[in-house]
Amino acid sequence: MSYIKETIEKLKQTSPAQVEFYQAVEDVLESIEPLLEERPKYREHSIIERLVEPERQIMFRVPWMDDDGNIQVNKGYRIEFNSALGPYKGGLRFHPSVNAGIIKFLGFEQIFKNALTGLPIGGGKGGANFNPKGKSDAEIMRFCQSFMSELYRHIGPNTDVPAGDIGVGSREIGYLFGQYKRLANRFDGVLTGKSLLWGGSHARKEATGYGAVYFAQCMMDDKGDSLEGKRCLISGSGNVAIYAMEKLYDLGARPISCSDSSGTIYHEQGIDLDLVKRIKEEQKGRLEEYLETHNNAEYTPRDDYPKDGHSVWRYKADLAFPCATQNELTAKDAQSLLENGCKCIVEGANMPSTQAAVDLFIESGAAYGPGKAANAGGVATSQLEMVQNASMLRWDFDEVDEKLKGIMSNIYHDAKRTAEDFGHPSNLVLGANIAGFRKVADAMIEQGVV
Ligand code: NDP
């Protein structure tokens, strides 16, 4: 049995039923195979065996009271995966699908993503199987306070610095920070994604979406092309999707779709972004409401999606930006995108394409930017927020945005150069995985067996 298969088999026994985690590990291990052959020291130092085991996993009870006076209980998680390059850094996800396997897959991805940014940050992730949908503001606050009542003892500006992710935006970060400050009696940069009023960074809210589009711009530049006039399919309508669409419009492209967990909007003349912001950011409503203003747009409810995929990927476009959640783009979806002439796929979400879909993209020679590289703008700007907090300074929007642009370009060129060095010039999965892995593995060796 090959080394990789053996590692996955061992994981299945020691960490049962964590399918998404095995998928993320397999993706990294398969692409770093040529590096492992070239540098036997990684196996001699058991880097893989150490890397797949989180340094620390915290699981805790989150009891809270709903508005009717009933006691509710959720499961809370923080996985401090790897601190070879710096304090653990990665978001918190509040979604009913959250379990230990999902948080581990996200934490594992985060290690390499953070390494790729070139900034001194380790990898971690956390969250809860809490569903913020339909909850009152007071319920969200009580939940966040209870969550932080346990989490605060594990985090710190030099230890572990969480941020947002699905279901955790600026409102939740506010409630979490308030409770941290009350318990720790410290006002420090322990969370990122904070409000601009009290320690947040300009451009953090926009960073993941903008960053993915800057990454796409680098990919198009390399083809001697640009985003100007391009038709773009987007999935999701949350933080990442909204700011990806905003930057696409800025650069002359036309986003023509978006989605939420209930359905997909397709609008040939271009998505009305102000309206999406109003529905999703202000009213926390459903995307279906878009039709009340634009009855010439098409809405496909989730129940009418094709059995083998998502309707958003069945439209004709030049570029695709999956920005919702993991495994939302299947092999059938990939096939349909490619048949419809899509030449560039850039992942705003974490692991949105199934392994079979990724294989198809790579075989087809389409430009494919894996999430680990393309969505790293969020965490990179979080690190810029940490720097501003530590120095008690505030940079303006353009300064942060310029740094973000530079970081995305560096990530792209680092992944591209590495892919070329290993003889697969267009395989950014291989390039990103090797470039990220090498930094972490070398740091682990230098720090000894810990
Ligand atoms: P949000 O909660 O702001 O938005 C998530 C969007 O995806 C919503 O439109 C939501 O629909 C939809 N969605 C979530 N889960 C599902 C599901 N199971 N099926 C279908 N649709 C779903 O999250 P973000 O925009 O912050 O995150 C999106 C992705 O980007 C995630 O994979 C996240 O890990 C990744 N990411 C986020 C970063 C950030 O800075 N925020 C940084 C790097 C990666 P609905 O409104 O119905 O819930």
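Residues numbered from 1 in each chain as written. Predicted model: local features only at pLDDT ≥ 70, side-chain atom pairs only at ≥ 80, totals over all residues. Heavy atoms only, no water.

Convention followed: UniProt positions are given in the numbering used here, feature names are shortened, and annotations may be inferred rather than shown by experiment.
As annotated in an unreviewed UniProt entry, the protein carries the name Glutamate dehydrogenase and comes from Idiomarina ramblicola. Quoted straight from UniProt, the Subunit (unreviewed entry) entry for the protein says "Homohexamer." Turning to the protein, the UniProt record has this under Catalytic activity (unreviewed entry): "L-glutamate + NADP(+) + H2O = 2-oxoglutarate + NH4(+) + NADPH + H(+)".

1. Considering the pattern of salt bridges
Our working rule: Here a salt bridge means any side-chain nitrogen of Lys or Arg lying within 4 Å of a carboxyl oxygen belonging to Asp or Glu. Helical segments are the DSSP runs of H or I of at least four residues, strand segments are the runs of E of at least two, and each set is numbered from the N terminus. With a 1.4 Å probe rolled over the protein chains alone, any residue whose accessible area is under 20% of its type maximum counts as buried; one over 50% counts as exposed, and the rest are partly exposed.
With the rule as written, the count across this model stands at 31 salt bridges. A salt bridge links aspartate 160 to arginine 78; the nearest nitrogen and oxygen atoms lie 2.7 Å apart. With aspartate 160 in strand β5 (residues 160-163) and arginine 78 in strand β2 (residues 71-82), this residue pair connects regions lying 82 residues apart in the sequence. Exposure remark for arginine 78: the relative accessible area of 0% places this residue in the buried category. Between arginine 254 and glutamate 268 there is a salt bridge, with the nearest N and O atoms lying 3.5 Å from each other. In this pair, arginine 254 is assigned in strand β7 (residues 254-255) and glutamate 268 in the loop between β9 (263-266) and α10 (273-282), connecting sequence segments 14 residues apart. Judged by relative accessible area, which is 37%, glutamate 268 ranks as partly exposed. By sharing partners, the salt bridges in this structure join Glu38, Arg39, Lys41 and Asp442 into a single network.

2. Observations concerning the domain arrangement of the protein
Defined as follows: Domain extents, as shown, originate in an automatic or database domain assignment. Throughout, a contact is declared for two residues whenever any of their heavy atoms are within 4.5 Å. As a working definition, buried area equals the accessible area (1.4 Å probe) given up by two parts on being put together, with both sides summed. Side-chain atoms alone can form a polar contact between residues adjacent in sequence; in general such a contact is a pair of N or O atoms within 3.5 Å, and within protein one must be able to donate a hydrogen while the other accepts it.
According to the domain assignment, the protein contains domain 1 (15-25 + 51-188) and domain 2 (207-369). On the side of domain 2, twelve residues touch domain 1, which itself brings 13 residues to the contact. Contact between domain 1 and domain 2 buries roughly 900 Å² in total, counting both sides, with carbon and sulfur atoms accounting for 45%. If you sort the residues of domain 1 by the area they bury against domain 2, Gln23, Phe105 and Lys133 come out on top, with a joint share of 45%. At the boundary of domain 1 with domain 2, the tally comes to zero salt bridges. The interface formed by domain 1 and domain 2 holds four residue pairs in polar contact (both at pLDDT 80 or more) in total. Counting only elements with at least two residues in the side of domain 1 that touches domain 2, the list comes to α2 (19-38) and α5 (100-116). The greatest single-element share of the side of domain 1 that touches domain 2, amounting to four residues, is contributed by α5.

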